Amino acid sequence: MAVYTPVSAEALTGFLGRYDAGELVSAKGIAEGVENSNYLVDTTRDRYILTLYEKRVSADDLPFFLSLLDHLAAKGLPVPPAIGDRGGRAIQQLESRPACLIRFLPGVSLSHPTPAQAHAAAAMMGRMHRAVADFALARPNSMGADTWRPLFERCGSDLDSIAPSLRDELASGLDRVLHAWPTDGDRCVIHADLFPDNVLMRDDQVTGLIDFYFACTDLRLYDLAVMHSAWSFDVRGERYDLAVGRALLDGYADSYGLGAEERQQLPVLAMGACLRFALSRAWDWLNTPADALVTRKDPLAYTRRLGFYQEHGITAFS
Ligand SMILES: Nc1ncnc2c1ncn2[C@@H]1O[C@H](COP(=O)(O)OP(=O)(O)OP(=O)(O)O)[C@@H](O)[C@H]1O
Ligand SMILES: N[C@@H](CCO)C(=O)O
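Criteria and cut-off values
Residues numbered from 1 in each chain as written. Chains lettered and ligands numbered in written order. Predicted model: local features only at pLDDT ≥ 70, side-chain atom pairs only at ≥ 80, totals over all residues. UniProt positions renumbered as here; feature names shortened; annotations may be inferred. Domains from an automatic or database assignment. Contact = placed C-beta atoms within 7 Å. Nonpolar A, V, L, I, M, F, W, Y, C, P; charged D, E, K, R; others polar. Near = placed C-beta within 6 Å. Pairing = 2+ DSSP bridges. Helix = DSSP H or I, 4+ residues; strand = E, 2+ residues; numbered from the N terminus. Axes fitted to C-alpha atoms, helices over the stretch in contact; angles between N-to-C directions. Expected span 1.5 Å × (residues − 1). Buried ≥ 20, exposed ≤ 12 C-beta atoms within 10 Å, placed from the backbone.

- Under an unreviewed UniProt entry, the name given to the protein chain is Homoserine kinase, and the source organism is Sphingomonas aerophila.
- Per UniProt, the protein chain carries the Pathway (unreviewed entry) text "Amino-acid biosynthesis; L-threonine biosynthesis; L-threonine from L-aspartate: step 4/5."

If you want it as C-alpha cells, here you go:
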C-alpha cells in the first residue's frame, strides 16, 4: 500500500485550516499506487485527495504538473487540479513533504478493462494530446529512452537474483530497441504512465485521468505505446487481449488519428515501454526494504510483454 508518510490529525487539521475546505471529518490512507502517499479526506464541505510527494516526484517539477492539470481542466478534460489555499498557493509542506490538496473525481480505477473502456480511454488520450498543443511548458522525460541503459547498469548483476538470465534478456532488448529508437516523429506533452489504474471510469465513460507525475515532453506515440503495453495483457503479461489492443488503436485513431506510417513505429515504441517498466520495477524490486508497506510490482510481467512484441512486431498493431 502506498502510504509512506503518516499524517497526524493535528498536522492535517492545521493544513486544512489554510483552505476554505471545511472541517476535517475523516482521512484514510489509500492502498493503491506505489509512488506517492495518498489520503482520501472528507471534510464538512467536500471530499478531497491529499497527496504527499515521495521519492520520484521532485518538488521542482510540481509547478509543471499543476500547470498542466490546470490547462487540461480548463479545456474540459476530466483531470484533477490542485486546490489553492486562501492565498492561492497549491503547493504546501506537510509532515516535511511537498503536499497538495486535490479535487476528488468520481469513478473507479480499472483493473480489467473491457474493449469499450479501452476505446473510451484511448480516445481521451487523443483529446489530451490535442489539448496540449498550446501548452507552453516542457519537461524532459526523467524515465526516457536515454535513462534506460544507465538504470540497467545501476541494477547490475543483481538483476539475475530476480530471475536467471534477466540481465542478458534486458541487455539484448536494450541493444535492439535503442538502435531502432525513432529520432523523428511528433513530440508533445504526454502522460507517460496511463495504466488502467490511472483512469477512473463509470461504466464506459471516462470520469478521470489521474497521476500525471511522469508527464513530460516526448514522442506522442510513445504515450499510446505505453498504454497498449499496460492495457492489452493480463496482469502477469502472459496473455495478449486482441480485442482490447484493437480498441485502443481505434479509440486513439477516432479522436486524434493514426496513420499507417505511425502504426509502423508502434512495435519499437512498445518494446521501449516494456523496458522502461521492467527496469523501474526491477530497480524498485532490488531497492524496496523488506518491511516497506508497498507491494512491489513484478518486473517479469514486462519482460513477458517485451517477448510478445519482439515475436509479433507490427502484427500486434494491425
Ligand atoms: N483525484 C482523484 N480522485 C479520485 N481518486 C483518486 C484521485 N487521485 C488518486 N485517486 C485514488 O488514489 C489511488 C492512487 O493514486 P495515484 O495513482 O495517483 O497514486 P500513485 O502512488 O502516484 O500511483 P502509481 O503507482 O500509479 O504511480 C488511485 O488509484 C485512485 O483510486
Ligand atoms: N505504472 C507503473 C508505476 C509507475 O512507474 C508500473 O506499473 O510499474
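Next comes the rest of the account.
Some details on the domain arrangement of the protein chain
- The domains assigned to the protein chain are domain 1 (9-104) and domain 2 (109-317).
- The C-alpha-based centres of domain 1 and domain 2 are spaced at 26 Å.
- Each partner contributes to the interface: domain 1 provides 17 residues, whereas domain 2 provides 19 residues.
- Of the residues contributing to the side of domain 1 that touches domain 2, the split by class is 11 nonpolar, two polar and four charged.

Notes on the site of ligand 2
- Surrounding ligand 2, one finds Val34, Glu35, Asp193, Phe195, Phe277, Ser280, Arg281 and Lys297.
- Tallied by class, the residues present in the shell around ligand 2 amount to three nonpolar, one polar and four charged.

Section: the sheet that holds strand β6 (residues 108-109)
- The strand order β6-β8-β9 describes an open sheet built from three strands, whose pairing is antiparallel. The open sheet has two edge strands, β6 and β9 (205-209), and neither has a second partner.
- The pairing of β6 with strand β8 (residues 199-202) spans two bridges and is antiparallel. Looking at β8, one finds that serine 109 is bridged to leucine 200.
- Most of the contacts of helix α3 (residues 115-131) go to β9, to which it runs at about 50°, and overall it touches β8 and β9.

Quick notes on the sheet that holds strand β4 (residues 92-94)
- The strand order across the open sheet formed by five strands is β1-β2-β3-β5-β4, and the pairing between neighbours is antiparallel. The sheet terminates laterally at β1 (24-29) and β4, the two strands that pair on one side only. For this sheet the average axis-to-axis angle between neighbouring strands, irrespective of direction, equals 35°.
- Where β4 lies against strand β5 (residues 97-103), three bridges are found, and the strand directions are antiparallel.

Some remarks on helix α8 (residues 242-255)
- Here α8 contains 14 residues, and its C-alpha end-to-end distance of 20 Å stays within 8% of the 20 Å for a straight helix at 1.5 Å per residue.
- All of the buried residues along α8 are Val244, Gly245, Ala247, Leu248, Leu249, Gly251 and Tyr252.
- In this structure, the buried side of α8 is in contact with α3 and α7 (220-231).
- Looking at the residues trailing α8, positive phi occurs at glycine 257, about 105°.

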